[in-house]
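# Geometric and topological summary
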Amino acid sequence: MANEIIKELSLGFPIFFISAMGILLVIFDAITGKNKIINYIFAIAILSITICSAGWILFSQYYNEANNLVIHPISMGMLAYNGYAYIFDVIFGIAALLTIIAAREYNERAEFEYKEFYSLVVLATSGMMMIAHSADLLLMFIGIEFMSITFYVLAGYFRKRVTSVEAALKYFLLGAFASGFLLYGIALIYGATGTLTFQTISQKITAQDYNNLYLILGITLVFIGLSFKIAAFPFHQWAPDVYHGAPTVISGFLSTAGKAAAIFALILIGKNIMFVAIRTLDSNHIITLQNILAVLSAATMLVGNITAIAQNNVKRMLAYSSVAHAGYMLMGIVANTPDGWAGASFYAAVYVFMQIGSFAIVANLEDKDGEYLDFSHYSGLYKTRPFIAAMMVVFLLSLAGIPPFAGFFGKYYIFKTAIDAGYLWLTIVGIVSSLISVYFYLRLLIYIYFREATEQILDTSEPRAAGFTLLISAALTVLLGIFPSYLIELLLYLR
Amino acid sequence: MLIAVLSGFIVACIVPLIFKLNRKVAGALLSILPLSLFIFYLQFLPNVLAGEKILTTFYWIPSLKINLNFMIDGLNLLFALIISGIGFVVYLYASAYLAKSEKIVPFYIYISIFMASMLGVVTCNNTLALFVFWELTSISSFLLIGFNHEQERSRYAALQSLLVTAGGGLALLASVIIIGQIAGTYEISQMSAFHSNLINNALYPSILILFLIGTFTKSAQFPFHFWLPNAMEAPTPVSAYLHSATMVKAGVFLMIKFLPILGGTELWMWLLGGFGGWTMLMASTMALKQTDLKRLLAYSTVSVLGTLTMLIGLGGEKAISAMIIYLFAHSLYKGALFLTAGIIDHETGTRDIRNISGLRKYLPITALIGVLAALSGMGIIPFIGFIGKEMLYETALLSGQYSTLFITISVISAVNIFAVMAYSGILPFFGEYKSPSEHVHEAPFQMTSGPVAFALLGLVSGLFAGSTVDGLTNKALQSIFPSASHHLALFHGFNLPLLLSALTIVVGLIFVLNRKSLVEFIEKIRIPEYFFPSKWYDYIFNGTLSFAEIQTKFLQNGHLRYYIFTILALFILLVGGSFFGFNTSGSILNAFAISIERSIAGIDIYDISMLITVLIASVFALLSQGRLSAIASMGIVGALISLIYIIYGAPDLAMTQLSIETLSVILFVLVLYKLPRFFTYSKLKTRIRDLVIALAFGSIFTMIIIFVSAYGKFDTGLSEYFAQTSYLIGHGKNIVNVILVDFRGFDTMGEITVLSIAAVGVYSLLRLRKQGGEQ
C-alpha cells in the first residue's frame, strides 16, 4: 500500500505539485507585502519544476509504471497517467511559463501589476493539467471549470479598463451557459452507461450495455459545451471580443493553452466514446455526429479566416485567426482515428508556441493604454525594431502554414488524416481557408517589411524578459518545423 | 546531394556577412555558388549518359513519409543544369545591375533561397518534400516581385502571384496526398508502377484536376496566366531567372514527371492539350500589342509555356522529345532576351519599345545578343529554336484526328512569336537612333558575358545539335519513355514542317513590318472585361473582402443576446436533430401516451386547477407591460410549483423552492427599484423570433423529460443502491437527506465552506465600497 502511494505520488508529481504550489502561492501572495518579484520568481520556479518533472517522466518512460499500479490509492482511479497526459503537461507548462515571463513588463507598462496575476496563471495551468490527467468525465469537467473560472478573472484583470471588464463579463456569462450544456451532457452519458470513468464507459459501449439515445444526446451536449471552449463556429462569437478585450498576454494564454486543453478534452471524448461507439451496431448516429462536426469544423475555418481578412487591428486579427485554428484542430477530432488525435495534438502544440509568440509581440508593441494595435502602426517595423520584425516573420509564416515552419507540418498531418478518414471535401475546405489566411498574415508582413514607417511607436521599449519568450517560442516553432518527427513519433507511439 | 540543395539556404544566411566584408566583390564571390553547383551537377553527366539513375536517401520525417530523397536522371539533370547555369549568369549580372541599389543584400538572400528550393523541386524524389520546395519557390518569388515595395503596383503583383501560385501549391498538396494514399508511396520513381490503379480510381478526375491546378498556376496557364505579366514588376534579372527560365517551368517539369503516372488518358489529353493550346494562342496574340519590353517577353513566355503544356498533353514520345528541345531552346533565348531588356532599361531608362530604336550604335554587344537570341526564338535556321519549332510542327501534324486544329494554332502562335521576338530583340537596335536618355553606353562585362554565352550556345547547339545536346536530351526523354530515343539534326529533308516554317517566316515578316496596323487591329477586338481571368481574380478578391465585412457585422455585432441566440439555435438544431434522428417520432408519441396514461390515473381537481393557474400566470408574465407585474406572476408560478411538491410528498423540496422563490422575488424587486423606467418594447418581429426559439428550446427539453419518464431507461445502479442502503447504512428515511448529509457529507461540507467564503468575500467587497463611497 505504502509502495503504491509512493508510486502514485511520483507518477502524479507534476499535477500534485502544481496544484499544491498554486494554492501555496495564493497564501504566499498575502504575506509577501509589496514585493512582487518574489511571486514572479516563485511562479516561474513552480512552472519550471512542473515542466521538468513531466518532461522527465516522458523522457524516462516512467509513465509505463502506471500499468503496474493495481490500485490508485490517492486518486481512486480518477487520474490517468499516460504519456499523452505528460506531453500536454509540458505544453501547458511551457505556455504558462512563456506567458508569465512576457507578462511582467507588460503589466508594468500598463501600470497595473498585481501579485495575483502569477498565482492565477499557475492555477489555470493546474486546471488544464487536471484535464490532461483526467480518467473520468467528472474530473475533466472540474478541470475545465477550474481553468475557465481563472480565465474569467484573468480576462478582466485590467479591471479599470472598460474593454477588459466587458470581455470578462461576456466570457463569464456565455462560458457559464456552455458549462451548463457540458454538465447536462455528462449527466446524460452517465444515464446512458451508469458510469463516469472513461475506461468503464468504453467497456460498456463495447459490450452494448448502454442506452443509445441518451448517449448520443449526451455526446452532442458535451460537444456543444466543448465547442464553446475551443471557440468553434457558431460558438465562437465570444472569442474575438474576449481576446480583444483581455490583457494581450492573457489573450495569448487563453487562446492557446486554453484551447489546447479543450481540444484534449475532445480527444478524450473521441478516444473513449466516439471511437468505441462507432464500432458498435448503432454506428450510423455517431457517423452523423461526425459529419456534423465536420461541417462545424469547415465553417469554423472559413468564418474565422474570412472574418480575419476584414480586420485592421492586429490583436483582433489574431483573435479571429485563433478561431480558424480551432477549426483545423477539430479536423483531427472529426477523423476519429489515433492518427487524427496525434495530428490534433501536434497542431495544438505547434499552435501554442506560434500564437503565444505573436501575442507577445503585440503586447510588446502596445502602449500603456492598450493602443497602437492597428496594421498601420506596424508599418516599417523592420527598420525600427528589427528583432521583433524577424520574430514576427517566423510566427506569421508558421501560422499561415508555410513550409518549413511547424505550422505547415501541423496542417499537413491534419489534412492527411482527414483524407485518410474519407473527408476529402473537408480537406479542400481546409486548403481554401489556408489560402485565405495566407492573405491576412502576409498583409501584416507587407506592412512590417514593405511599407515605410508612418508614425513611430514611442511608448514602448525593446523587450527585456519578453525577448526570452519570443526567442523560445520562435525556436520551438522553427525546431518543430525542421524536426517534427520527434514529437509526431512520440504521439503516435503513445496513442 | 542534400548538401548541394541546402547550400543555397546556408549561403542565404551569410550573404549579409559577405557584403559587410567587401561590398565590391561580394556579388562576384556569391556567383561562385551557382557555378560550383553547376559543376557539381555536371559531374553526374557521364553516369546519366551511361543510363544510370542516382538516388540518395535522407530520412527527415519518416512517420509522415516526408523524406529528403533525391534522384538524378536525365530530365532532372537537364533541369538542374539549366537552373544552376542560368543562376550563375544571373548572379553575375545582378552584381552590376544592382550595384548601386541598397537592396542588393536582400536580393542575394532571396535569390539564393529561390535557387536552392528550385533545385530541390527538380531533384527531389519525394512528393511531399517536393511540395515544401515548391512553396518555397513561391515565397521567394513573392519576395522578389515585391522587391521595389515602395510601389503599390509591386505589392499588388507580389501578393497576386503568391496567392495564385501558393494556392495552386496547396491544391497540388491535396492531389499528392491522395496519390500517396492510393499508390502507398510518396516516391516519384516508384509511382509509375501504380499507373493503372491511379487512372482507374474513382478519384482520378479530382486527383488530376487538383494536380493541374497546382501546375497550371505555377506555369501560368489559362486561366491563371495573369500573374506572370504582372510579375514583371520584379528586377530584370529576377524576371529572366524566375519568370522565364526556371520557376514557371516547375509546373511543366512536374507535368512531364507525372506523365507516366497520371497521363495517357482522354482527360489528361484534353485538359492539357486544350488549356495549353488555348494559352499558347491567346498569350501570343496578346503579346503583339504590348509596348513594354518586359511584358512583351512575359506574354511570349506564357505562350511558350502553353506550347509545352500542349505537347505534354499530346503525350507521345515525339511530343515529349519536341517539348524537351523546345524548353531547352526557350530557356536560352528568353534568358538572353530578358537580360538584354535589362541592359536597355538600365542604360536608356525606359522599356517602352516605341521610344527606343537604333541602339546598336551605342550598345553593339547587346545588339548582337539581342539579334542572336531573337533569331533563335523566331525559329530561324540554324539556331536551336528552329529544331524545336520543326519538332513542334511534326508532333502537331501527327496528333491524330485533331491534327488540323493543333497545327493551325501552332502555326498562328509561331507567327505571333516570330513578330514578338523581332519587336523585342531586333527592332530596338535598328533604325534611327532614339532614346530618352543621353548617356547610353555599353554595359559592363558582368552583364554582357552571360547573355553572350546564352546566345552563342543557342547557335552552337543548333548547328551541332547531334553532337552537343543530343545525348542529354535523349536521356531526359528516356526518363519518361525508357525505350525511346531521338536524333537531333538541323535538316530533316524537304517536308511539310519545313514548308510551314517558311510560311511562318513570311507571315511573320509581314507582321513585323506592319506593327502599327497590326496593333490597331488587335486593339479593335473588344472583349468584355468580365471574360478576363485577371478580373475574376479581382472580383473574387474584393468579393471575399466585402463578404468578410458583411458577415463580421452580422455575426460579430458585440451583443451578447445575439450570441446566445445563435448558441440556442444550434442547440435546437443539433439536439433536436439527433433526437429525431432516431426516428423516434412514433416512440415520442408513444411516450406521450404512456406519460398521459400514468398521470391521468392519479390526477384530481387540485392538480388541474393548479396547472391552469400556472399557465395563466406564465402567459400573464409574458404579456405584462411592467416589470413588477411580470415578476409577481413569475412568483405565482414558483409558489404553485412548490405546492405541487407538497402534494406529491416532498415537503423539504417545497420548502427550498418556496424560500428560493421568495428570495428571488425580493431580490428582483430590490433591483427593480434601481432600474430606469421601461420605455422601449421589442418589435413584433423580434418577439416572434424569440417565441419560436423559446418554444423550440422548451419543447425539446419537455420531450426529453417525457421520454425519460415514460421509458426510464437511465442506468439504475445508483438509485437502487441509495434506495437499498439509505435506511440500513444511513439510518434515515428520507433518501435525499441521507445523500446530502451522509453519503456525500464531505461535499456538503465543502459547499458550505465555499458559500461562507463567498459570503465573507461579498461582505468585504461591500465594506470596501462603503469606504470608497465615504472617501
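Residues numbered from 1 in each chain as written. Chains lettered and ligands numbered in written order. Predicted model: local features only at pLDDT ≥ 70, side-chain atom pairs only at ≥ 80, totals over all residues. Heavy atoms only, no water.

### Things to note about the overall build of chain A
Formally: Each helix is a run of DSSP H or I of at least 4 residues and each strand a run of E of at least 2, with the numbering of both proceeding from the N terminus. For a compact globule the rule gives 2.2 Å times the number of residues to the power 0.38, and the radius of gyration it is set against comes from C-alpha atoms. Summary of the burial criterion: residues with accessible area below 20% of their type's maximum are buried, those above 50% are exposed, and those between are partly exposed, where the area comes from a 1.4 Å probe applied to protein chains only. Note on contacts: a residue pair qualifies if any of its non-hydrogen atoms lie within 4.5 Å across the two residues. Computed with a 1.4 Å probe, the accessible areas rest on the Shrake-Rupley method; for each residue, only the protein chains presented here act as cover. Positive charge is attributed to Lys and Arg, negative charge to Asp and Glu, and no charge count is given to His or to the chain ends. The location of each charge is read from NZ of Lys, CZ of Arg, CG of Asp or CD of Glu.
Along the backbone of chain A there are 20 helices and zero strands. Its C-alpha radius of gyration of 22 Å places chain A within 12% of the 23 Å reference for a compact globule of 495 residues. On the principal axes, the C-alpha backbone points of chain A span a range of 70 × 55 × 40 Å. A burial count over chain A gives 70% of its 495 residues as buried. Put simply, of all contacts in chain A between residues at least 6 apart along the chain, 82% involve residues at least 24 apart. When the accessible surface of chain A is split by element, carbon and sulfur atoms take 67% of a total near 14,800 Å². Of the side-chain charges in chain A, 26 are positive and 28 negative, and the distance between the mean point of each set is 3 Å.

### Some thoughts on the packing of helix α10 (residues 238–245) of chain A against helix α13 (residues 314–335) of chain A
Residues and elements named next belong to chain A. Put simply, the rule is: Angles here are taken between N-to-C directions and fall from 0 to 180 degrees, while the axes themselves are lines fitted to C-alpha atoms, restricted in helices to the stretch in contact. Any angle that is under 35 degrees is reported as roughly parallel, and any over 145 degrees as roughly antiparallel; angles of 65 to 115 degrees are reported as roughly perpendicular and all others as oblique. Definitions for this section: a left-handed crossing has its near helix turned counterclockwise from the far helix by less than a right angle. A right-handed crossing has that turn clockwise. Amino acids are sorted into nonpolar (Ala, Val, Leu, Ile, Met, Phe, Trp, Tyr, Cys and Pro), charged (Asp, Glu, Lys and Arg) and polar (every other residue, Gly among them).
Look at α10 against α13: their axes get within 9 Å of each other, and the N-to-C directions meet at 140 degrees. Relative to α13, the element α10 lies oblique. Relative to α13, the crossing made by α10 is right-handed. Contact residues: A239, P240, D241, Y243 and H244 in α10; K315, R316, A319, Y320, S322 and V323 in α13. Of the residues that constitute the contact of α10 with α13, the class distribution is six nonpolar, two polar and three charged.

### Some thoughts on a nonpolar patch on the surface
All names here are of chain A. The cut-off we apply is this: Without a salt bridge and with relative accessible area above 30%, a residue can belong to a patch; like charges are then joined within 9 Å and nonpolar side chains (Val, Leu, Ile, Met, Phe, Trp, Tyr) within 5 Å. In the sections that follow, a salt bridge refers to a side-chain nitrogen of Lys or Arg positioned within 4 Å of a carboxyl oxygen of Asp or Glu.
Taken together, the side chains of M1, I5, L9, V70, I71 and I74 present a nonpolar region at the surface, about 560 Å² in accessible area. Residue placement: I74 occurs in the loop between α3 (37–59) and α4 (83–109). When its relative accessible area of 37% is taken as the criterion, I74 is described as partly exposed.

### Considering the confidence of the model for chain B
Residue and element names in this part refer to chain B. Formally: Looking at any residue, its pLDDT shows the predictor's confidence there, from 0 to 100.
Across chain B, pLDDT averages 82, with 96% of residues at or above 70. Within chain B, the element-level pLDDT minimum falls on helix α28 (residues 585–601), averaging 71, and the maximum on helix α11 (residues 204–218), averaging 90. For this predicted complex, the interface confidence reaches an ipTM of 0.79, while the overall pTM sits at 0.85.

### Thoughts on the interface of chain B and chain A
Put simply, the test is: A quick way to say it: buried area is the sum, across both parts, of accessible area lost when two parts are put together, with a 1.4 Å probe. Polar contacts, as counted here, are pairs of nitrogen or oxygen atoms within 3.5 Å of one another; within protein the pair requires one atom able to donate a hydrogen and one able to accept it, and residues that are adjacent in sequence qualify only if both atoms are side-chain atoms.
Facing 67 residues of chain B, the contacting portion of chain A comprises 73 residues. Across the interface of chain B and chain A, roughly 6,300 Å² is buried in total on both sides, 79% from carbon and sulfur atoms. Linking chain B with chain A are zero salt bridges, by the criterion used here. For the interface between chain B and chain A, the tally reads five residue pairs in polar contact (both at pLDDT 80 or more).

### A short note on the nonpolar core
Note the following rule: For our purposes a nonpolar core is just a set of buried Ala, Val, Leu, Ile, Met, Phe, Trp, Tyr and Cys residues, chained together by side-chain atoms within 4.5 Å.
Counting 447 residues, the largest nonpolar core has A:M140, A:I219, A:I269, B:Y41, B:Y108 and B:L262 as the members making the most contacts within it. Excluding anything up to four places from it in sequence, A:I269 contacts A:L137, A:M140, A:F198, A:I219, A:V222, A:F223, A:L226 and A:M274. One finds B:M610, B:A617, B:V637 and B:L640 within the second-largest nonpolar core, a separate group that totals five residues.

### Quick notes on the environment of A:A298
Residue and element names in this part refer to chain A. Mapped onto the secondary structure, A298 falls in helix α12 (residues 283–309). Separated by 65 residues in sequence, A298 and F233 have C-alpha atoms that sit 8.9 Å apart. Once residues within four sequence positions are removed from consideration, A298 is found in contact with W425, L426 and V429.

### Observations regarding helix α24 (residues 496–513) of chain B
Residues and elements named next belong to chain B. For clarity, the threshold we go by: Here the expected span of a helix is defined as 1.5 Å times the quantity of residues minus one. By construction, the arc corresponds to the directions joining the helix axis to the C-beta atoms.
With 18 residues, α24 ought to run about 26 Å at 1.5 Å a step, and its terminal C-alpha atoms sit 26 Å apart, in line with that. Among all positions in α24, only P497, L498, L500, S501, T504, G508 and V512 are buried. Taken around the axis of α24, the buried residues stretch over an arc of 150 degrees, which confines them to a single face. Summarising the geometry of α24, the exposed residues directed more than 90 degrees from the buried face are L499 and L513. For α24, the secondary structure elements touched by its buried residues are α20 (384–397), α21 (403–425) and α25 (515–524).

### Some thoughts on the pattern of salt bridges
A complete count under the given rule lists 16 salt bridges over all chains for this structure. In this structure, the salt-bridge partner of B:E152 is B:R155, at a minimum N-O distance of 2.8 Å. With B:E152 and B:R155 both in helix α8 (residues 152–183) and three residues apart, the pair spans about one turn of that helix. Residue classification places B:R155 among the buried positions, given a relative accessible area of 10%. Here B:K318 ties to B:E394 by a salt bridge, and the two come within 3.4 Å at their closest N and O atoms. With a gap of 76 residues between them, B:K318 in helix α18 (residues 317–348) and B:E394 in helix α20 connect regions that are remote in the sequence. Exposure remark for B:K318: the relative accessible area of 43% places this residue in the partly exposed category. By relative accessible area, which is 18% here, B:E394 ends up buried. Overlapping salt bridges, with partners in common, bring together A:E166, A:K170, A:D241 and A:R316 in one network.

### Some thoughts on unusual backbone geometry
That bond from A:F233 to A:P234 is cis: its omega, -5 degrees, falls within 30 degrees of zero. Among the secondary structure elements, A:P234 is positioned in the loop between α9 (212–230) and α10. Here the bond from B:F222 into B:P223 is cis, since omega is 0 degrees, no more than 30 degrees from zero. Backbone geometry places A:Q61, a non-glycine residue, at a positive phi of 60 degrees. Tracing the chain through its elements places A:Q61 in the loop between α3 and α4. A residue is classified by how much of its surface remains accessible, and A:Q61, at 36% relative accessible area, is partly exposed. Despite not being glycine, A:M76 shows a phi value in the positive range, around 55 degrees. Within the element layout of this structure, A:M76 appears in the loop between α3 and α4.

### Some thoughts on the state of the cysteines
Residues and elements named next belong to chain B. Rule in force here: Disulfides are defined in this document as cysteine sulfur pairs within 2.5 Å.
This model, assessed by the stated rule, comprises zero disulfides over all chains. The thiol sulfur of C13 is not disulfide-bonded, and the nearest other cysteine sulfur, from C124, lies at 20 Å. Of the residues examined, C13 reaches a relative accessible area of 64% and is grouped as exposed. What makes C124 buried here is its relative accessible area of 4%.

### Brief notes about the packing of aromatic side chains
Residues and elements named next belong to chain A. What counts, and what does not: Only rings of Phe, Tyr and Trp enter the pairing, Trp through its six-membered ring, and a pair is recorded when the two centres are within 6.5 Å. The plane angle decides the type: under 30 degrees is stacked, over 60 is edge-to-face, the rest tilted. Charges are assigned to positions over rings by a cutoff of 6 Å between ring centre and Lys NZ or Arg CZ, combined with an angular limit of 35 degrees from the ring normal.
Considering all chains together, one arrives at 60 aromatic pairs over all chains under this definition. Summarising the aromatic geometry, the rings of Y171 and W238 are spaced 4.7 Å apart at their centres and angled 10 degrees between planes, so their arrangement reads as stacked. With a gap of 67 residues between them, Y171 in helix α7 (residues 162–193) and W238 in helix α10 connect regions that are remote in the sequence. For the residue pair Y171 and W238, the accessibility class agrees, reading buried in each case. Seen from their ring centres, F275 and W341 are 5.1 Å apart, and the 75 degrees between their planes marks the pair as edge-to-face. Placement of F275 in helix α11 (residues 248–277) and of W341 in helix α14 (residues 338–365) is noted, with a sequence separation of 66 residues between them. Among the aromatic residues, ring-to-ring pairing joins Y40, Y106, F112, Y114, F117, Y118, Y157 and F158 into one connected group. The side chain of R159 reaches across the aromatic face of Y114, ending 5.2 Å from its centre. We note K271 situated over the ring of Y84; from NZ or CZ to the ring centre the distance is 4.3 Å.

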